[in-house]
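In case you want the letters, here they are:
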Amino acid sequence: MGRFTFPLVAVAAALVAATCCSKDSDAKADKPRGPAVGEPAPAFSAPATVGGTLSLADFAGRIVVLYFYPKDDTPGCIAEAKGFRDADAEMAALGVQVLGVSRDGLDSHRKFADRYDLKFPLLADTDGKIHDAYGAWKGGAWGRTALGVDRSTFVIDGAGVVRQVWRGVDPSGHSDEVLAFVRTLVPSR
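Residues numbered from 1 in each chain as written. Predicted model: local features only at pLDDT ≥ 70, side-chain atom pairs only at ≥ 80, totals over all residues. Heavy atoms only, no water.

**Thoughts on the pattern of salt bridges**
Any two side chains of opposite charge can pair, given that their charged atoms come close.
And then number 1: Inspection of the entire model under this criterion finds 10 salt bridges.
And then number 2: Here Arg-151 and Glu-80 are joined by a salt bridge, their closest N and O atoms 2.8 Å apart. With Arg-151 in the loop between strand S7 (147-149) and strand S8 (152-156) and Glu-80 in helix H3 (residues 75-93), this pair connects stretches of sequence that are 71 residues apart.
And then number 3: Take Arg-151: its relative accessible area is 14%, and that puts it in the buried class.
And then number 4: Relative accessible area serves as the criterion here: at 1%, Glu-80 is assigned to the buried category.
And then number 5: Put simply, Arg-183 and Glu-90 hold a salt bridge, and the shortest N to O gap is 2.9 Å. With Arg-183 in helix H6 (residues 174-185) and Glu-90 in helix H3, the pair connects residues that are 93 residues apart, well separated along the chain.
And then number 6: The exposure class of Arg-183 is partly exposed, given its relative accessible area of 40%. (Salt bridge = Lys/Arg side-chain N within 4 Å of Asp/Glu carboxyl O. Helix = DSSP H or I, 4+ residues; strand = E, 2+ residues; numbered from the N terminus. Buried < 20%, exposed > 50% of the residue type's maximum accessible area, 1.4 Å probe, protein only.)

**Notes on the packing of aromatic side chains**
And then number 1: In this structure the tally under the stated criterion is 10 aromatic pairs.
And then number 2: Measuring from centroid to centroid gives 5.7 Å for Phe-68 and Tyr-134, while their planes differ by 40°, and the two rings are tilted. Of this pair, Phe-68 sits in strand S3 (residues 63-68) while Tyr-134 is found in helix H5 (residues 129-134), placing the two residues 66 residues apart along the sequence. Just as Phe-68 is buried, Tyr-134 falls in that class too.
And then number 3: Aromatic side chains Trp-166 and Phe-181 sit 6.0 Å apart centroid to centroid with 90° between the ring planes, which places their arrangement in the edge-to-face category. Here Phe-181 lies in helix H6 and Trp-166 lies in strand S9 (residues 162-166), a separation of 15 residues in the sequence.
And then number 4: A relative accessible area of 12% means that Trp-166 is categorised as buried.
And then number 5: Taken together, Tyr-67, Tyr-69, Phe-84, Phe-112, Tyr-116 and Phe-120 form an aromatic cluster joined through their ring pairs. (Phe/Tyr/Trp six-rings, centres within 6.5 Å; stacked < 30°, edge-to-face > 60°.)

Here is the structure:
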């Protein structure tokens with residue numbers, strides 16, 4: 001080992017301890033991101049692949065499944081979108097509106113929707129404001145400032161209240177889990 005190895009290791013350990021283990025860091029980690037179950041869903045408005053510019057208020061009185069995904073045409077996002085596509089007819093019969101949200105632009109969303117026959121709207125949150133409002137970010141650990149999208153889903157009732165939140169979603173089979181929950185919110189028909 002070189003004579004500088006130990007001091008560098010000691011400095012690195014001190015930096016890690018200062019950034020990840022301080023009381024301020026713990027307070028940030030404990031702070032909830034986005035709305036919790038029982039809280040009002042943040043209002044939003046964004047260009048969509050279907051219906052022009054859509055806002056949460058457009059769906060007043062209906063249950064909304066708002067799902068955040070990282071990027072169009074990536075394997076996990078394709079699997080998740082196809083799951084919601086396959087569940088969309090039953091969701092619509094229950095009066096539920098599915099909305100997908102990513103940072104991709106409208107052109108990318110349209111190609112993605114066309115390629116996989118997605119009939120529900122995809123919202124283009126290019127400035128990240130909807131992601132911010134719902135806390136759909138992950139990362140920033142170990143002193144990094146780069147953030148990625150936290151694959152998250154929110155079920156919002158007809159009164160605009162968050163009824164369920166999933167974070168760090170596994171895209172395979174997730175739409176079945178969401179559909180099962182939504183069924184519990186809808187009175188028998």
